[in-house]
Amino acid sequence: MSRRISIFDTTLRDGEQVPGAKLNKKQKIEIAQQLARLGVDVIEAGFPSSSPEELQAIKAVSEQVRGPVIAGLARAVQQDIDAAWEAVKGADRPRIHVFLGSSDIHLQKKLRKDRESALSMAADAVRYAKAFCEDVEYSTEDASRTDFEYLCRVVDTAIHAGATVINIPDTVGYAIPDEFGDLIRRLKEHVPALDRVVLSVHCHNDLGLAVANSISAVKNGAQQVECTINGVGERAGNASLEEIVMILKTRPSVYQAHTEIQTQEIYRTSRMVSRLMNIPVQPNKAVVGGNAFAHSSGVHQDGILKDRCTYEIMKPEDVGIKQHKIVLTARSGRAALKHKLSELGYDLDQERFERVHSRFLNVADRKKEIGSEDLTAIVEIELTKVAEAFSFSQLQIMSGNTMVPMACVTLKKEGEIITDASTGNGPVNAVFNCIDRLVGYQGILKDFDLKAVTMGKDALGEAMVRVEIEGSVYSGVGTSPDVIEASARAYLNAFNRFLANSQ
Ligand SMILES: [Zn+2]
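In short, a report on the structure. Remember, it's a predicted structure, so these values are computed and weren't measured experimentally.

Right, let's get into the overall build of the protein. The helix and strand tally for the protein stands at 17 helices and 16 strands. Computed over its C-alpha atoms, the radius of gyration of the protein comes to 25 Å, within 12% of the 23 Å expected for a compact globule of 503 residues. If one aligns the C-alpha atoms of the protein with their principal axes, the spans along those axes are about 75 × 60 × 40 Å. Burial statistics for the protein: of 503 residues in total, 55% are counted as buried. In the protein, the proportion of contacts linking residues at least 24 apart, taken out of those at least 6 apart, comes to 66%. Counting only carbon and sulfur atoms, one obtains 50% of the accessible surface of the protein, whose full area is about 22,000 Å².

Before going further, it helps to examine the coordination of the zinc ion. Bound to the zinc ion are the protein donor atoms Asp-14 (OD), His-202 (NE2) and His-204 (NE2), situated 1.9 to 2.2 Å from the metal. For the zinc ion, the donor residues sit on a single chain with the sequence spacing D-x187-H-x1-H. Taken together, the residues span a long stretch of sequence, with Asp-14 in the loop between strand S2 (6–9) and helix H1 (25–38) and His-204 in the loop between strand S8 (198–203) and helix H8 (210–219) at a distance of 190 residues. A residue is classified by how much of its surface remains accessible, and His-204, at 4% relative accessible area, is buried.

What follows covers the packing of helix H6 (residues 148–161) against helix H7 (residues 177–190). For any two helices packed against each other, the geometry is given by the interaxial angle and the distance between the axes. In the contact formed by H6 and H7, the axes pass within 10 Å of each other and the chain directions differ by 60°. Judged by the angle between their axes, H6 and H7 are oblique. For the pair H6 and H7, the sense of crossing is right-handed. On H7, the residues touching Phe-148, Leu-151, Cys-152 and Val-155 of H6 are Leu-183, Arg-186, Leu-187 and His-190. Looking at the contact of H6 with H7 residue by residue, the class counts come to six nonpolar, one polar and one charged.

The subject of this paragraph is the layout of surface pockets. Volume-wise, the second largest pocket comes out at about 490 Å³. At the level of elements, H1, helix H11 (266–277) and helix H15 (372–384) are the ones that each hand at least two residues to the lining of the second largest pocket. In terms of residue count, H1 provides more of the lining of the second largest pocket than any other element does, six residues in total. Residues that form the lining of the second largest pocket fall into these classes: seven nonpolar, five polar and 13 charged.

Ranked by internal contacts, the top residues of the largest apolar core, which has 100 residues, are Tyr-138, Ile-166, Ile-168 and Leu-187. The element that contributes the greatest number of residues to this core is H6, accounting for nine residues. In this structure, Phe-392, Leu-411, Cys-434 and Phe-498 belong to the second largest nonpolar core, which totals 28 residues.

So, about the environment of Tyr-174. Mapped onto the fold, Tyr-174 is located in the loop between strand S7 (165–170) and H7. With 58 residues separating them in the primary sequence, Tyr-174 and Glu-116 have C-alpha atoms 25 Å apart.

It is worth spelling out the packing of aromatic side chains at this point. Here the structure, examined in full by the defined rule, presents eight aromatic pairs. Each ring, one from Phe-432 and one from Tyr-491, has its centre 4.0 Å from the other, and the planes form 5°; the classification is stacked. In this pair, Phe-432 is assigned in helix H16 (residues 427–439) and Tyr-491 in helix H17 (residues 483–501), connecting sequence segments 59 residues apart. With relative accessibility at 5%, the residue Phe-432 sits in the buried group. Judged by centre distance (4.9 Å) and plane angle (80°), the ring pair of Tyr-441 and Phe-498 falls under edge-to-face. Taken together, the residues span a long stretch of sequence, with Tyr-441 in the loop between H16 and strand S14 (444–452) and Phe-498 in helix H17 at a distance of 57 residues. For Tyr-441, a relative accessible area of 28% puts it in the partly exposed group. Residue classification places Phe-498 among the buried positions, given a relative accessible area of 6%. Taking NZ or CZ as reference, Lys-338 lies 4.5 Å from the ring centre of Phe-353, over its face.

Thresholds, definitions, all that
Along every chain, residues carry numbers that run from 1 in the direction the sequence is written. Since the coordinates come from a predicted model, pLDDT governs what is reported: local features require at least 70, and pairs of side-chain atoms require 80 or more to be given and counted, while whole-chain, interface and lining totals use all residues. Excluding hydrogens and water, the side-chain figures rest on all heavy atoms present in the structure. Helix numbering and strand numbering both begin at the N terminus, where a helix is a DSSP run of H or I of at least 4 residues and a strand a DSSP run of E of at least 2. As defined in this context, the radius of gyration uses C-alpha atoms, and a globule is described by 2.2 Å times the residue total to the power 0.38. Buried residues are those whose accessible area, probed at 1.4 Å on protein chains only, stays under 20% of the maximum for their type, while exposed residues exceed 50% and partly exposed ones sit between those limits. Only heavy atoms matter for contacts: two residues are in contact if any of them lie within 4.5 Å across the pair. Areas reported here follow the Shrake-Rupley algorithm with a probe of radius 1.4 Å; residue values treat only the protein chains shown as occluding. Only nitrogen, oxygen and sulfur atoms qualify as donors, and only when within 2.8 Å of the metal (3.2 Å in the case of Na, K and Ca); with water excluded, sites may look incomplete. Note on geometry: axes are C-alpha line fits, over the in-contact stretch for helices, and angles between N-to-C directions span 0 to 180 degrees. Just so you know how the angles are binned, under 35 degrees is roughly parallel, over 145 roughly antiparallel, 65 to 115 roughly perpendicular, and the rest oblique. Take the far helix as your reference; a near helix turned counterclockwise from it by less than a right angle gives a left-handed crossing, and one turned clockwise gives a right-handed crossing. Charged residues are taken to be Asp, Glu, Lys and Arg, nonpolar residues to be Ala, Val, Leu, Ile, Met, Phe, Trp, Tyr, Cys and Pro, and polar residues to be all remaining types, Gly included. In this analysis the probe radius is 1.4 Å and the grid spacing 1 Å, with only protein atoms considered; a cavity is a set of points the probe fits into but cannot get out of, a pocket is an open set with protein on both sides within 12 Å along at least five of seven lines, and lining residues have an atom within 4 Å of a point. Grid points are joined across faces, edges and corners, and a volume is the space filled by probe spheres set on the points. For the purposes of this section, nonpolar cores are sets of buried Ala, Val, Leu, Ile, Met, Phe, Trp, Tyr and Cys residues that join through side-chain atoms within 4.5 Å. Any pair of Phe, Tyr and Trp rings, taking the six-membered ring for Trp, is counted once the centres come within 6.5 Å. Such a pair is stacked with planes under 30 degrees apart, edge-to-face with planes over 60 apart, and tilted for the rest. The rule is short: NZ of Lys or CZ of Arg within 6 Å of the ring centre and within 35 degrees of the ring normal puts a charge over the ring.

So this is what it looks like as structure tokens:
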């Protein structure tokens, strides 16, 4: 008998806590709609009390995204629970997710409460939430470092106060698989009331064990796993959704458990989250990395050509990766472009398609053949440019080892053309200084990464930056066959994100 495991996606809450990954309302809805297509059971859409904008964004997700349960996170205080209910009450199936520290470290150092008063605080919070919402999840924060007897009491108390889901988080990523699985099994043995509710886990990846711990918990009776797309999240991240889903799918006899995830939507979701949060996926990432299905050694290639089962345990198509050799040129028509885009999983409206098309022509003029990676890079950079206050127009550079590098940049702002020039200690620095002058803010470059997206001398360069603007960090990405132009586009992209966020 295969048990059904509920997938609780927290990309929009835990994942969004990554510096520079903040999403605006439109982006949140776009990801939530894709998560619904992916078939997740629960979407944790955010932390409503963190800001009024956050509350409005979660409210919009609750009202517009149908299918999954929509959860809002709250500390165990009335004001947070009020905000959470306000944010999720428009959902078909709302959930309030209350959390409170349970370990002595958290109780003493963070909350300054003794165990008994924390216990009654938990019960009060669950009862208060329950008055609004039938579905209440209770998380015992830092459970893996909590005294076992006390943890049992907290769980039992929360269930008797009305919790419908109990979540056991390894908040600090301290647990190891055998021990964490054991904790779940012992909890089920010691707290009979757990039979009436859903038992959930939420693991962090500080020791690289988030997925292993989650899977061990499933084996020992957990029914819900909290995870994120690409494993994004606080610090080293959360358990990766795609890995958990594919482990259960690939090894059904070991776990006798399955999920309702539409696995062919995994790759598209992974790309969308990476693009909108500006967090690249490492090439060797399991399931969704660029090399996850690439076979490079001769022996492996030979085996794969004879029979894919020799070295492949999952089919790329199962996670939505289509391995078509795509080559377009400047003469490929709009229909061909549209067709290839849909094969890559992009379903663009007319306005976005036009933007991609004109960028495609621009790149194809300079780079003869456009492959699937080029096309993906073009689309992703175009789609990142939502609400562009400034758009990139022209760039001139003077540089050399015996002269002061100088850049002249032209941008468009609401149809108006603005140009300025600046020097710098290198050509990229000169460009960044010039953009600072044009947009009227001083950016502090925190991180700069340049890579070739495609092979060959005419490769497309992709620049990624993290820029501190007015005290917050914004990411930006830009591509071009010219690396300085790619850098300029990335830097400007960070400013556009800042301006879009501060509207
Ligand atoms: Zn977390």
